[in-house]
Amino acid sequence: AQSVTQLDSQVPVFEEAPVELRCNYSSSVSVYLFWYVQYPNQGLQLLLKYLSGSTLVKGINGFEAEFNKSQTSFHLRKPSVHISDTAEYFCAVRELNTGNQFYFGTGTSLTVIP
Amino acid sequence: KAGVTQTPRYLIKTRGQQVTLSCSPISGHRSVSWYQQTPGQGLQFLFEYFSETQRNKGNFPGRFSGRQFSNSRSEMNVSTLELGDSALYLCASSLDPDYEQYFGPGTRLTVT
């Protein structure tokens, strides 16, 4: 079965410092990959997605992620974080041609420290 | 374009009761999925509907059911509520099952 692992449940980082949130998945078939952000008491908002093509994808709010097929990873990065980036971040994987169900990681809580 | 809307936003029910949650997808989206989010379990997939047909179902008991109407609006029903059903229920819509999902704000269900 598909699984999505977000290795860090909590990541504290100082304002204006870089951050990387890690995501690994297990799948033997082609996948689509996504990162979502959830602010308190809100639903999930799409940050970026990888469907095909360039393995480096850029999203909203200055975030980017790189798909590494050999390592089955899709890590999220931002070169300089802001206080407003404090939120929960979810990695998601959608397997193609096997039911197309979404699988979500357990989330990483990013706290930006002033 | 209006986003995904969910009603009600907050709900308090008693054990043993049943509840119906509603989701209106983004206009033109035909796929609707439901998730349960709890602090301990994270996001767990409930089911997905596409063109009024259930395409996928997660590992939840039969007390959890759903349906989709011809206008793509969806409802989920939970019967015989248990304390453990307290959670944020999220609905997500997509243009097609292969595309990214857009989430609604959720319905916060509290079972007492």
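For clarity, every value in this text was computed on a predicted model and none was experimentally measured. (Residues numbered from 1 in each chain as written. Chains lettered and ligands numbered in written order. Predicted model: local features only at pLDDT ≥ 70, side-chain atom pairs only at ≥ 80, totals over all residues. Heavy atoms only, no water.)

Asks: How should the overall build of chain B be read in this particular structure?
Replies: Looking only at helices and strands, chain B has 0 helices and 11 strands in total. Taken from N to C terminus, the helices and strands of chain B fall in the order β-β-β-β-β-β-β-β-β-β-β. Against the compact-globule benchmark of 13 Å for 112 residues, chain B has a radius of gyration of 13 Å, which places it among compact chains. Over its C-alpha atoms, taken along the principal directions, chain B stretches across nearly 35 × 25 × 25 Å. For chain B, the proportion of its 112 residues judged to be buried stands at 51%. Pairs at least 24 apart in sequence give 54% of the contacts found in chain B among residues at least 6 apart. Working note: accessible area of chain B is about 5,200 Å², and carbon and sulfur atoms make up 47% of it. Once the 11 positive and 8 negative side-chain charges of chain B are each reduced to a mean point, those two points are 8 Å apart. (Helix = DSSP H or I, 4+ residues; strand = E, 2+ residues; numbered from the N terminus. Rg over C-alpha atoms; globule rule 2.2 N^0.38 Å. Buried < 20%, exposed > 50% of the residue type's maximum accessible area, 1.4 Å probe, protein only. Contact = heavy atoms within 4.5 Å. Areas by Shrake-Rupley, 256 points an atom, 1.4 Å probe, with all protein chains shown as cover. Lys, Arg positive; Asp, Glu negative; His and termini not counted. Charge placed at Lys NZ, Arg CZ, Asp CG, Glu CD.)

Asks: Sorry, what's going on with the environment of Gln6(B) here?
Replies: Residue and element names in this part refer to chain B. Residue position: Gln 6 is located in strand β1 (residues 5-7). Between the C-alpha atoms of Gln 6 and Cys 91, which are 85 residues apart in sequence, the distance is 7.3 Å. Sequence-distant contacts of Gln 6, defined by excluding residues within four places in its chain, comprise Ser 22, Cys 23, Trp 34, Tyr 89, Leu 90, Cys 91, Gly 104, Pro 105, Gly 106 and Thr 107. A distance of 3.0 Å separates the side chain of Gln 6 from the backbone oxygen of Tyr 89, its partner in a polar contact. Here Cys 91 takes part through its backbone nitrogen, which lies 3.0 Å from a polar atom of the side chain of Gln 6. (Polar contact = N/O pair within 3.5 Å; in protein donor to acceptor, adjacent residues only side chain to side chain.)

Asks: What exactly am I supposed to notice about the pairing of strand β11 (residues 107-111) of chain B here?
Replies: Within a regular beta strand, the side chains point alternately toward one face of the sheet and then the other, so they alternate between its two faces. All names here are of chain B. Of the two faces of β11, only the one carrying Thr 107, Leu 109 and Val 111 is buried; Arg 108 and Thr 110 on the other face are not. In the sheet, strand β2 (residues 10-13) pairs with β11 via 4 bridges, with the strands oriented parallel. Opposite Lys 13, over in β11, you have Val 111 as the bridge partner. The sheet contact formed by strand β9 (residues 87-94) and β11 spans 3 bridges and is antiparallel. Across the sheet, the residue bridging to Leu 88 is Arg 108, located in β11. (Pairing = 2+ DSSP bridges.)

Asks: Can you help me understand the packing of aromatic side chains in this one?
Replies: How two aromatic rings sit relative to each other is set out by the distance from centre to centre and by the angle between their planes. Here the structure, examined in full by the defined rule, presents 13 aromatic pairs over all chains. On the numbers, 6.3 Å between centres and 35 degrees between planes, the contact of Phe34(A) with Tyr36(A) is tilted. Classification of Phe34(A) by relative accessible area gives buried; the value is 0%. Using a relative accessible area of 0% as the deciding quantity, one classes Tyr36(A) as buried. A connected cluster of aromatic rings, assembled from ring pairs, spans Phe34(A), Tyr36(A), Phe102(A), Phe104(A), Tyr35(B), Phe45(B) and Phe103(B). (Phe/Tyr/Trp six-rings, centres within 6.5 Å; stacked < 30°, edge-to-face > 60°.)

Asks: What is the right way to look at the interface of chain A and chain B in this model?
Replies: It is common to report an interface's size as the accessible area lost on association of the parts. Listed by partner, the interface residues are 17 residues for chain A and 19 residues for chain B. Taken together, the two surfaces of chain A and chain B that pack against each other cover about 1,600 Å², and 49% of this comes from carbon and sulfur. There are 2 salt bridges connecting chain A and chain B. Of the charged contacts in the structure, one is a salt bridge between Glu48(B) and Arg94(A), with a shortest N-O distance of 2.8 Å. One can count 4 residue pairs in polar contact (both at pLDDT 80 or more) joining chain A with chain B. For the side of chain A that touches chain B, the secondary structure elements donating two or more residues are β5 (31-38), β6 (44-50), β10 (87-95) and β11 (102-104) of chain A. (Buried area = accessible area lost by both parts, 1.4 Å probe. Salt bridge = Lys/Arg side-chain N within 4 Å of Asp/Glu carboxyl O.)

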